[in-house]
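# A closer look at the structure
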There are 2 protein chains.
Amino acid sequence: MLTYSFDNMGDASLYEHLYKCIKNDIIHGVLTADMKLPSKRSFAANLGVSAITVENAYAQLLSEGYIYSIAKKGYYVSDFSKHLAETTSYGEDREVLQPERPVYFADFSSNQTRPDNFPFSVWAKLMRETMNDKNNELMTRPPCGGIYELREAIAGHLRQFRDIHVSPEQIFVGAGTEYLYGLLIQLLGFDKTYAIEHPGYEKIAQIYDSYQVQRCLVNMDGQGIRIDELESCQADVVHISPSHHFPTGLVTPISRRYALLSWAAKSDSRYIIEDDYDSEFRLTGKPIPALQSIDLMDKVIYVNTFSKSLASTMRISYMVLPPSLARRFLSEMSFYSCTVSNFEQYALMRFLREGYFEKHINRMRNHYHKQRDYLLEIIKNSPLSSYVSITEEDAGLHFLMKIDTDIPDALLIERALQKGIRINSLSQYYTAPPENAEHIFIINYSYLETAHIPEAIERLYRCLQE
Amino acid sequence: MLTYSFDNMGDASLYEHLYKCIKNDIIHGVLTADMKLPSKRSFAANLGVSAITVENAYAQLLSEGYIYSIAKKGYYVSDFSKHLAETTSYGEDREVLQPERPVYFADFSSNQTRPDNFPFSVWAKLMRETMNDKNNELMTRPPCGGIYELREAIAGHLRQFRDIHVSPEQIFVGAGTEYLYGLLIQLLGFDKTYAIEHPGYEKIAQIYDSYQVQRCLVNMDGQGIRIDELESCQADVVHISPSHHFPTGLVTPISRRYALLSWAAKSDSRYIIEDDYDSEFRLTGKPIPALQSIDLMDKVIYVNTFSKSLASTMRISYMVLPPSLARRFLSEMSFYSCTVSNFEQYALMRFLREGYFEKHINRMRNHYHKQRDYLLEIIKNSPLSSYVSITEEDAGLHFLMKIDTDIPDALLIERALQKGIRINSLSQYYTAPPENAEHIFIINYSYLETAHIPEAIERLYRCLQE
């Protein structure tokens, strides 16, 4: 039977480690198409781990398409692994390494924007105007931070909607926040310790790991990231999303924000990276000021993106550096070219300047508000309602749904997948979720097709009845 | 008088170190607008360096706009340094940290594409068609390597024009080669030693330094990068442009290419990064096969860009990984989103697929051929011709012009600047140029305005007569 070592697994949890081992063997062709995987029970016994660990690993592989399951028979390796064409054979019928992405009836895990929400006709018009008016500018290399007029427009937007007062010179535009995080590591230093939220976006940890810098996971309490743990792990830089934490949905209150600023003020090398990724979509209540706007010590690096508010496939993000760091960036890193095409920078500049962005955000906020209310209404009127309670529904584009059940999260997730429903549990975002944790699920509603909602909730309900 | 320490200057040459010190002081406001800089002679005496070192540093600062000169009076700090707006003041009249870029009558240092050469109407048509046809695809997150159809189109292009046979899965699209180099460091390892060409593009060294990896400068001989030095510096990865080296213009012959492949074959950790940046523009003679196409050991990572062939402001580059590295990328780094917008990926796919790219390249090759021949003709018929000899004029978009003169390079560069002509000398690309080196200048002709060429050559001639 398959055997993997659990030594050297680093920070990973047991299920995560197992998931990675199996995934690697599939990618490298050790496990081949349609090979049957061991049953959960016997595999667990063989490895000396709990059945839940194996279940979690299988569920993850299943959701990513690496394996498939046949009811009452078991789990099999997906048929996508005849690998890259070798350099010596170029048949037209060669197979693709990346598995086809499965299409879900409803995907509660996706925070993509829906195609029908993108303002295609306005964007096409602005792109056309840009190409008519700006031939010379379109072909002129912009400064490393991006086209000045776009950065002016972003500064204006931040002033008006977020009460953030910065000069365009502090704004650096780049092709996605992931890219900007990489620049920040280069700017702040490879010798620094970076603290990230636990639980949190897996990708943030992956980026810091890919840059091979020291990072520590800091737990959250009811107010946000824990300051005592920040101190004890000797972090230099803390990377947080205080406006709307993923996945817990927590909004960090003003008191903890000030505490974070005081933490940062204690040493020259300390900085806060504030990822404000979906602050535009706070649905009710007065927004809490951004850390950036209450920072008097130049300790906050503000990061935001148009990928969430406009289109996830248009890679335009920006960061706002405190003046001292902006100067250092210019003196040490201005050799880097801006990674966003001039065409999209100028089109976005017009989009902001001519008021389209504001209109778009308002339209989307209404749409999401309705979508959320409709979804809550459907849940309320479904038999599911007697099993669930909803929290954190006011900020951003997801909420939490606690299910009162004895079914393990991984099993529920798998049952849902078999019904075409993708959903993630909060426990998946912990490196070591407590075995007796509550069954809390993350409900992203930005990518749901409205017409599918009633049926999706009905299917979720049926998962509890099997 | 100004004093700088020359300790801890690392790999930098004396002039480069001095240039950086002064630039930093200007950026940080230590040296303020219109402050007079010391005369070259007295400054050199004070610092204990040669006058040529100071001259070189001043010339560099002048060419970047940090200082200006007044004939017979001296050098002054430019008036751009009232810095970033402080976070507490947001006057509308705040000044910009980045200096205005000077406009040159002729810029022999630029390899940008000219606005009039970009196929705006075709691109506008393709963008329009893309937005009409592809609404769903435009909003769907592509795989980490980019949109599959674009990678197929690139694979087709490589097969047809470069005899490179690879599968689309080996191709990874990214927002510029600088970004791809960063990914490669993450993939190949922070613990590796990276060898780069000396002389070479300054930016390549800057990127490796910014990632804080070990790098060594390896000298070139008449055939390309020196294998003996590669061995002695214990490089793991060598980063080269064998098709057309910048700045020397050298094309590495086939024998050295095979020697490089044997060097790489000697250890598992060895790889060659082949930057093929302007191979499309080889003007005469049969092209030498890419290293990638003669590599049987999966040791070559091929990198190319559309920034050179299409528009320098459209950030679309790609790398071709050997299958084993492609698999590793997918298993370890596929969490990264592709950094190029779907809109431009689909438009470029059509541009390639529908034959526009081929037409564009042919048109540009003719244009550059004519431009080069015209420039050579003007030089030949000018009084400058008795002072100069031309070499390396057949590959890519620049050639070398040796001037028979006693005037130091830095002085000639400065005289040219005062006449609105920007030009770089080969010596600037060496960390320590030999004091008695020949006076060789780099003539990029892709960005020249054709109508300015006769006057530009006349002005260059006058620089020799002062």
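Bear in mind the structure is a predicted one, so any value in this text is a computation, not a measurement. (Residues numbered from 1 in each chain as written. Chains lettered and ligands numbered in written order. Predicted model: local features only at pLDDT ≥ 70, side-chain atom pairs only at ≥ 80, totals over all residues. Heavy atoms only, no water.)

A few words on the overall build of chain A. Tallying secondary structure elements over chain A gives 15 helices and 16 strands in all. Scaling as 2.2 N^0.38, a compact globule of 466 residues should have a C-alpha radius of gyration of about 23 Å, and chain A matches this with 23 Å. Taking the principal axes of the C-alpha coordinates as reference, chain A spans close to 60 × 55 × 55 Å. Expressed as a percentage of its 466 residues, the buried residues of chain A come to 63%. (Helix = DSSP H or I, 4+ residues; strand = E, 2+ residues; numbered from the N terminus. Rg over C-alpha atoms; globule rule 2.2 N^0.38 Å. Buried < 20%, exposed > 50% of the residue type's maximum accessible area, 1.4 Å probe, protein only.)

With that settled, the discussion passes to the side chain of Arg151(A). Residues and elements named next belong to chain A. Its location among the elements puts Arg151 in helix H6 (residues 148–162). A polar atom in the side chain of Arg151 sits 3.5 Å from the backbone oxygen of Gly145. A distance of 3.4 Å separates a polar side-chain atom of Arg151 from the backbone oxygen of Pro168. (Polar contact = N/O pair within 3.5 Å; in protein donor to acceptor, adjacent residues only side chain to side chain.)

In screw terms, the move from chain A to chain B is a rotation of 180° and a rise of 0.0 Å along the axis, fitting with an RMSD of 0.1 Å. Here the two chains are linked by the operation of a two-fold rotation axis. Comparing interface residues between copies, 100% of those in chain A also sit at the interface in chain B, which points to an isologous, same-surface contact. (Least-squares fit on C-alpha atoms with pLDDT ≥ 70 in both. Contact = heavy atoms within 4.5 Å.)

Turning our attention to the packing of aromatic side chains. Under the defined criterion, the tally for this structure stands at 51 aromatic pairs over all chains. When the ring of Tyr211(A) is compared with that of Phe190(B), the centres are 6.3 Å apart and the planes differ by 45°; the resulting orientation is tilted. Here the residue Tyr211(A) occupies a position in the loop between helix H8 (202–210) and strand S6 (214–221), and Phe190(B) occupies one in the loop between helix H7 (177–188) and strand S5 (193–198), the pair thus bridging two chains. In this structure Phe190(B) comes out as buried when scored by relative accessible area, which is 14%. Pairwise contacts between aromatic rings join Phe118(A), Phe120(A), Trp123(A), Tyr302(A), Phe306(A), Tyr318(A), Phe351(A), Tyr356(A), Phe357(A) and Phe343(B) into one cluster. One cation-aromatic arrangement involves Arg151(B) over Phe172(B); the distance from NZ or CZ to the ring centre is 5.7 Å. Lying across the ring of Phe105(B), Arg459(B) places its NZ or CZ 3.9 Å from the centre. (Phe/Tyr/Trp six-rings, centres within 6.5 Å; stacked < 30°, edge-to-face > 60°. Lys NZ or Arg CZ within 6 Å of the ring centre and 35° of its normal.)

Axis angle and axis distance: for two packed helices, these are the angle between their axes and the distance between the axes, and together they describe the pair. Residues and elements named next belong to chain A. Between helix H13 (residues 356–380) and helix H15 (residues 453–465), the shortest axis-to-axis distance is 10 Å and the interhelical angle comes to 40°. By the angle class used here, H13 and H15 are oblique. Crossing of H13 against H15: the hand is right-handed. Contacts between H13 and H15 involve Gln371, Tyr374, Leu375, Ile378 and Ile379 from the first element and Ile453, Pro454 and Ile457 from the second. Considered class by class, the residues forming the contact of H13 with H15 number seven nonpolar, one polar and no charged. (Axes fitted to C-alpha atoms, helices over the stretch in contact; angles between N-to-C directions. Parallel < 35°, antiparallel > 145°, perpendicular 65-115°, else oblique. Left-handed = near helix turned anticlockwise from the far one by under 90°. Nonpolar A, V, L, I, M, F, W, Y, C, P; charged D, E, K, R; others polar.)

Taken residue by residue, the interface counts 74 residues in chain A and 74 residues in chain B. With both chains or domains summed, chain A and chain B bury close to 7,300 Å², and 58% of this area falls on carbon and sulfur atoms. Among the residues chain A hides against chain B, the three largest losses belong to Met139(A), Arg141(A) and Arg327(A). Together they make up 11% of the total. Where chain A packs against chain B, one counts zero salt bridges. Between chain A and chain B we count 23 residue pairs in polar contact (both at pLDDT 80 or more) in total. Among the elements that line the side of chain A that touches chain B, the one with the most residues is helix H11 (residues 323–333) of chain A, at six residues. Classifying every residue of the side of chain A that touches chain B by side-chain character gives 35 nonpolar, 25 polar and 14 charged. (Buried area = accessible area lost by both parts, 1.4 Å probe. Salt bridge = Lys/Arg side-chain N within 4 Å of Asp/Glu carboxyl O.)

Residues and elements named next belong to chain A. By the element assignment, Met297 lies in the loop between strand S9 (271–275) and strand S10 (300–305). The class for Met297 is exposed, based on a relative accessible area of 51%. Separated by 16 residues in sequence, Met297 and Phe281 place their C-alpha atoms 28 Å apart.

Attention now goes to the sheet that holds strand S15 (residues 424–425) of chain B. All names here are of chain B. A sheet is described by the order of its strands in space; here four strands give the open sequence S12-S13-S16-S15, paired in antiparallel fashion. If you trace the sheet from one side to the other, it starts and ends with strand S12 (388–391) and S15, each paired once. Sheet analysis places S12 next to strand S13 (residues 398–403), joined by four bridges and oriented antiparallel. Within S13, the residue paired with Thr391 across the bridge is Leu400. (Pairing = 2+ DSSP bridges.)

Phe108(A), Trp123(A), Phe108(B) and Trp123(B) are the most contacted members of the largest nonpolar core, which totals 143 residues. Those residues within four positions of Phe108(A) in sequence are excluded, and the remaining contacts are Leu375(A), Ile421(A), Arg422(A), Ile423(A), Ile442(A), Ile443(A), Asn444(A), Leu448(A), Ala456(A), Ile457(A) and Leu460(A). Among the nonpolar cores identified, the runner-up in size contains 66 residues, and Phe172(A), Ile273(A), Leu187(B) and Tyr336(B) belong to it. (Core = buried A, V, L, I, M, F, W, Y, C linked by side-chain atoms within 4.5 Å.)

What follows covers the sheet that holds S9(A). All names here are of chain A. Spatially, the eight strands line up as an open sheet ordered S4-S11-S10-S9-S8-S5-S6-S7, and their pairing is mixed. Because the sheet does not close on itself, it has two edges, and the strands there are strand S4 (171–174) and strand S7 (224–225). With three bridges joining them, strand S5 (residues 193–198) and strand S8 (residues 237–240) adopt parallel strand pairing. In the sheet register, Ile196 faces S8, and the bridge partner there is His239. Sheet contacts for H8: S5, S6, S8 and S9; angle to S5, the most-contacted strand, approximately 160°.

Here we come to the confidence of the model for chain A. Residue and element names in this part refer to chain A. Looking at chain A as a whole, its pLDDT mean stands at 88, while 93% of the residues score no less than 70. Throughout residues 81–96 the model reports pLDDT below 50, and contacts reaching past four residues in sequence, or to other chains, amount to 36 contacts. Quick note on the complex model: pTM equals 0.81, ipTM equals 0.80. (pLDDT = per-residue confidence, 0-100.)

This paragraph deals with the pairing of S9(A). In regular strands, side chains alternate between the two faces of the sheet. Residues and elements named next belong to chain A. Most of S9 sits out of view: five of its five residues are buried. Residue alternation in S9 divides its side chains into two sets, Tyr271, Ile273 and Asp275 and Ile272 and Glu274, and both sets are buried. Pairing geometry for S8 and S9, over four bridges, is parallel. Counted as the bridge partner of Val237 is Tyr271 from S9. When S9 meets S10, the two strands line up parallel, connected through four bridges. Note on S10: the bridge partner recorded for Glu274 is Tyr302.

This brings us to unusual backbone geometry. All names here are of chain A. Going from His198 to Pro199, the amide bond is cis rather than trans, its omega being 5°. Considering the arrangement of structural elements, one finds Pro199 in the loop between S5 and H8. The step from Phe246 to Pro247 runs through a cis peptide bond, and the omega angle for that step is 0°. Here Pro247 shows up in the loop between S8 and helix H10 (254–265).

With that settled, the discussion passes to the pattern of salt bridges. Residues and elements named next belong to chain A. According to the stated counting rule, one finds 48 salt bridges over all chains in the structure shown. The salt bridge partner of Glu231 is Arg270, with a shortest N-O separation of 3.2 Å. Separated by 39 residues along the polypeptide, Glu231 in helix H9 (residues 227–232) and Arg270 in the loop between H10 and S9 bring together distant segments of the chain. Since its relative accessible area comes to 12%, Arg270 is described here as buried.

What follows concerns H10(A). The α-helix winds at 3.6 residues per turn, so residues separated by three or four positions along the chain end up facing the same way. Residue and element names in this part refer to chain A. Along its twelve residues, H10 runs 17 Å from first to last C-alpha, staying within 8% of the 16 Å computed at 1.5 Å per residue. Inspection of H10 places Arg256, Arg257, Leu260, Leu261, Trp263 and Ala264 among the buried residues, and these make up the whole buried set. Projection of H10 onto a plane perpendicular to its axis shows the buried side chains occupying an angular sector of 155°, all on one side. Residues of H10 that are buried in the fold lie against S6, S7, H9, S8, S9 and S10. (Expected span 1.5 Å × (residues − 1). Arc of directions from axis to C-beta.)

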